[in-house]
Every structure is written in structure tokens, then in C-alpha cells.
Amino acid sequence: MNLDWDRLRILNVVARTGSVKDAAGALHMTGPAVSQQLRRIEAEAGATIVVPDGRGLRLTTRGRLLADYAHQVADIMQRAENDLHRDETYVDHVRIASVASIIRGLLGDKLTDFLRDYPRVRVTVTDGETSDHLEQLAAGSMDLVLAESWSTVPLSLPAGVVSRNVGRDDLYIALPTDHPWQSKKCLSIRDLAEARWATCAQGSDPHRAIEQIARREGIELDVSFHVADHQTQLSLVRRGLAVACLPQAHDMSSVVYLPLDTEVYRDLLLLSTDEVHTLALQALIDQLAG
């Protein structure tokens, strides 16, 4: 058996992404070119390593064995490159995906310090839904994901993703200052059974989290506004159009924050693959986790 490293590198990405299409995108290759390389690996190994599985593919037992070795080789090659360039100024491009509220808070603060220390590293940031971000991380089109995990609906992570907890926000019910409940010390979800709500998109973790609290009490919330951005939700609260479950904002004008009688919080998670990272990427992870 005479296996070629460049082809094993392709198998490593196919194993991580679970599809030829996603692997091709991560490797900047065409799908047919990736498929051709897989067939060559099978010829060199003398064994079937992948089989069709719905719209994707599945590694056979021998394919998984070979992919595990490919993963180890990829890590060794990255360590070698890191050691060769450890004393040089980092030049790299790090791609981050995050929910908007974390960009506005933790990420913005940490990036200021990082870019001052590593001015030649290019960092790009994209907001959106965590479910999409996890797919992009697996496909290799994102290097880091900053996500929220609600206490009532913990975030489920796919295999091969490493999670670091980088913060925790207590969550409160945001009310307009003239709301009848504004003078209470805490609220029950039953107090808000008739309220109009603003939450993130239907089916998103923040939406499901508050919905689940209500359903435990036999209540279906009237969610009239599905808005991803917390600041926009707050603007609806200030106008008396809705209530919302949010972390406290810096600008508390015209808003009252009251705790629920059920503790609710969100953990801020830093997500990356379990592969050895480039020097610049590892430096940014250390900055964000520090």
C-alpha cells in the first residue's frame, strides 16, 4: 500500500464535513475532483472507504480507520508548520461566525486587544444563526463560532467540535417602564401569559428556551415579533409593543429588567474543530478564552 499524503488530506476533510460537496468547497476543488481522489485512495488502499448515504456519504470501517490516521497526520503537519514559524509575525486570515449580541459585547472588546497585538492577522466576522454557523465550521468555511447556549435548551454540538465556555449572562424579562408589573421584584411566566412577546426567529434556541419555560406551565406565548437582534427587540419593548427575555443591556433607559422565578441564563461558547490550529487562530482562541 502506497498512500499519498495530499490525498489523505482530502480524506480528512471529507470525514470532517461528511460530503463531497462541502469538502470540495473547503479545499477549493470541484466535486468530481474530490470524488476522483477518493477513488484513487481506495485503489491505493485496496479497500472501499466511502459509501453513499442519502445526499452525503458514510465512511466504512476501514475508511474511518484511515480517516483517523489522516487526521493525526494533518495535526502533525500543522504542528510542524507552527514550530517552523513560531518566532515570526503571524500573518493569517481568521474567520469568525457569531450571534450579533456576542459581537456587540465580548467579541468586540477582545478583538480590539488582539488586533493591536497581531496587526497583520486579518479577522472577518459574520453574524447569523448558530445552526448555520456549525455547518460552516464543519465545512471549513469558518474557523471559530461564538454561540449562546440557554440553560433551558443546551446547545447540542456535533462530533469533532471543541467547546470553551467564555462567559455567562443572566437573563431577565425586559418590560417598558410603564408596565403594570414594573414594580415587582420578580415575575412568573404566568404573569406574562397574555403579553405580546419579541423573541429571536421561530425555532431558534432563544425562542425555544422561553417557549419551553412557558409550556412547562401549560402556557402558549403570543410571540408577535421574531427579531434576531437584541437591540431591535428592546426598541419594541420601549414602545410598549412587546416584552422580551434578554441579558441586561448597557442602555437601560425606558426599560425595566426583572428576573423570572425560574433561573434562566445563557452560556457564551467558543467553538472550534478538534484539529491543531494555526498560530494566529490559537492566539485568538487564547485571547477570547482568557
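Analysis parameters
Residues numbered from 1 in each chain as written. Predicted model: local features only at pLDDT ≥ 70, side-chain atom pairs only at ≥ 80, totals over all residues. Heavy atoms only, no water. Helix = DSSP H or I, 4+ residues; strand = E, 2+ residues; numbered from the N terminus. Buried < 20%, exposed > 50% of the residue type's maximum accessible area, 1.4 Å probe, protein only. Contact = heavy atoms within 4.5 Å. Areas by Shrake-Rupley, 256 points an atom, 1.4 Å probe, with all protein chains shown as cover. Lys, Arg positive; Asp, Glu negative; His and termini not counted. Charge placed at Lys NZ, Arg CZ, Asp CG, Glu CD. Phe/Tyr/Trp six-rings, centres within 6.5 Å; stacked < 30°, edge-to-face > 60°. Axes fitted to C-alpha atoms, helices over the stretch in contact; angles between N-to-C directions. Parallel < 35°, antiparallel > 145°, perpendicular 65-115°, else oblique. Nonpolar A, V, L, I, M, F, W, Y, C, P; charged D, E, K, R; others polar. Left-handed = near helix turned anticlockwise from the far one by under 90°. Polar contact = N/O pair within 3.5 Å; in protein donor to acceptor, adjacent residues only side chain to side chain. Salt bridge = Lys/Arg side-chain N within 4 Å of Asp/Glu carboxyl O.

Draft legend 1. Here's a closer look at the overall build of the protein. A count of helices and strands for the protein gives 9 helices and 11 strands. For the C-alpha atoms alone, the extent of the protein along its principal axes is close to 75 × 45 × 25 Å. Burial statistics for the protein: of 290 residues in total, 44% are counted as buried. The contacts in the protein between residues at least 6 apart in sequence include a share of 74% that link residues at least 24 apart. Looking at the protein as shown, the accessible area adds up to about 15000 Å², and 47% of this sits on carbon and sulfur atoms. Separation between the mean location of the 30 positive side-chain charges and that of the 40 negative ones in the protein comes to 3 Å.

Draft legend 2. Expanded view of the environment of Asp75. Relative to the helices and strands, Asp75 is located in helix H4 (residues 61-84). The sequence separation of Asp75 and Glu275 amounts to 200 residues, and the corresponding C-alpha distance is 6.2 Å. Not counting residues within four places of it along the chain, the set of residues in contact with Asp75 comprises Asp274, Glu275 and Val276.

Draft legend 3. View of the packing of aromatic side chains. Within this structure, the stated rule accounts for 1 aromatic pair. An angle of 35° between the planes, with centres 4.8 Å apart, marks the rings of Phe114 and Tyr118 as tilted. Residue class for Phe114 comes out buried when judged on its relative accessible area of 0%. When its relative accessible area of 26% is taken as the criterion, Tyr118 is described as partly exposed.

Draft legend 4. Inspection of the packing of helix H1 (residues 5-17) against H4 at higher detail. Running from N to C, H1 and H4 cross one another at 110°; their axes reach a closest spacing of 8 Å. The angle between the axes of H1 and H4 places the two elements in the roughly perpendicular class. Contacts between H1 and H4 involve Trp5, Leu8, Leu11, Asn12 and Ala15 from the former and Gly63, Arg64, Leu66, Ala67, Ala70, His71, Val73, Ala74 and Met77 from the latter. Classifying every residue of the contact of H1 with H4 gives 10 nonpolar, 3 polar and 1 charged.

Draft legend 5. Quick look at the packing of helix H5 (residues 100-117) against helix H9 (residues 279-289). Between H5 and H9, the least distance of the axes is 9 Å, while the angle of their chain directions is 135°. What the angle tells us is that H5 and H9 run oblique. Taken as a pair, H5 and H9 cross one another with a handedness that is right-handed. Between H5 and H9, the residues in contact are Leu106, Leu107, Lys110, Leu111, Asp113, Phe114 and Asp117 and Ala280, Ala283, Leu284, Gln287 and Leu288, respectively. Tallied by class, residues from the contact of H5 with H9 come to 8 nonpolar, 1 polar and 3 charged.

Draft legend 6. Fine view of the side chain of Thr17. Take Thr17: it is sitting in helix H1. Residue classification places Thr17 among the buried residues on the basis of a relative accessible area of 14%. In terms of polar contacts, Thr17 uses its side chain to reach the backbone carbonyl oxygen of Ser19, at 3.2 Å.

Draft legend 7. Representation of the pattern of salt bridges within the structure. Here the structure, examined in full by the defined rule, presents 15 salt bridges. One salt bridge in this structure joins Asp229 and Arg104, with 3.1 Å as the shortest N-O distance. Of this pair, Asp229 sits in the loop between strand E8 (222-226) and helix H8 (230-238) while Arg104 sits in helix H5, placing them 125 residues apart in sequence. We classify Asp229 as partly exposed; its relative accessible area is 24%. Since its relative accessible area comes to 40%, Arg104 is described here as partly exposed. When the shortest N-O distance is used, the salt bridge between Arg116 and Asp113 registers 3.1 Å. Here Arg116 and its partner Asp113 are both found in helix H5, 3 residues apart, which amounts to about one turn of the helix. Its relative accessible area of 56% is what places Arg116 among the exposed residues. A network of salt bridges, in which partner residues are shared, links Asp113, Arg116 and Asp117.

Note that every value here comes from positions in space, so none of it alone points to a role or purpose.
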